[in-house]
Amino acid sequence: GNRLRDGLNALKEKYPVIGDVRGMGLMQGMELVGEKKKPDAESAKRVMELTKANGLLVGKGGTYGNVLRVAPPLNVNKDQIDQALKQLDSSLAGLGQ
């Protein structure tokens, strides 16, 4: 859980579209925001499609549909967490294109 959270927080520092990272253990969420820190559901939809194309499935939630849910199985290992973070990084980078 800590490895996943640290990786998501590193992505938050890299991408301004991530307004917040929250959760406990392996159940984490990334809130996507646009201008003036308003919820950005469109970016969440686009990132979901990009992650799916990159081989990673994430969920979506939140009141405004702008929170990506990252919840790997409990038997996930460190290499799989690192791979998922790379796939998320690649997907978030694709938002700007």
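Below or above, wherever it landed, is the structure these notes cover.

What counts, and at which threshold
- Residues numbered from 1 in each chain as written.
- Predicted model: local features only at pLDDT ≥ 70, side-chain atom pairs only at ≥ 80, totals over all residues.
- Heavy atoms only, no water.
- Core = buried A, V, L, I, M, F, W, Y, C linked by side-chain atoms within 4.5 Å.
- Buried < 20%, exposed > 50% of the residue type's maximum accessible area, 1.4 Å probe, protein only.
- Helix = DSSP H or I, 4+ residues; strand = E, 2+ residues; numbered from the N terminus.
- Contact = heavy atoms within 4.5 Å.
- Pairing = 2+ DSSP bridges.
- Axes fitted to C-alpha atoms, helices over the stretch in contact; angles between N-to-C directions.

Among the nonpolar cores identified, the biggest contains 22 residues, and Leu 8, Leu 11, Ile 18, Leu 88 and Leu 92 are the most heavily contacted of them. Broken down by secondary-structure element, the contributors of at least two residues to this core are helix 1 (2–14), strand 1 (18–24), strand 2 (27–32), helix 2 (41–53), strand 4 (67–70) and helix 3 (78–93). Per-element accounting of this core gives the leading share, five residues, to helix 3.

Turning to the environment of Val 58, a few remarks are in order. As for its placement among the helices and strands, Val 58 is situated in the loop between helix 2 and strand 3 (59–61). Separated by 15 residues in sequence, Val 58 and Ser 43 place their C-alpha atoms 13 Å apart. Sequence-distant contacts of Val 58, that is, excluding residues within four places in its chain, are made with Met 48, Thr 51, Leu 68, Arg 69, Val 70 and Leu 88.

Read from one edge to the other, the open sheet built from four strands follows the order 1-2-4-3, with strand pairing classed as antiparallel. Each end of this open sheet is capped by a strand with a single partner; those strands are strand 1 and strand 3. Each strand of the sheet is rotated relative to its neighbour by a mean of 25°, with strand direction disregarded. When strand 3 meets strand 4, the two strands line up antiparallel, connected through three bridges. Bridge pairing in strand 4 links Lys 60 to Leu 68.

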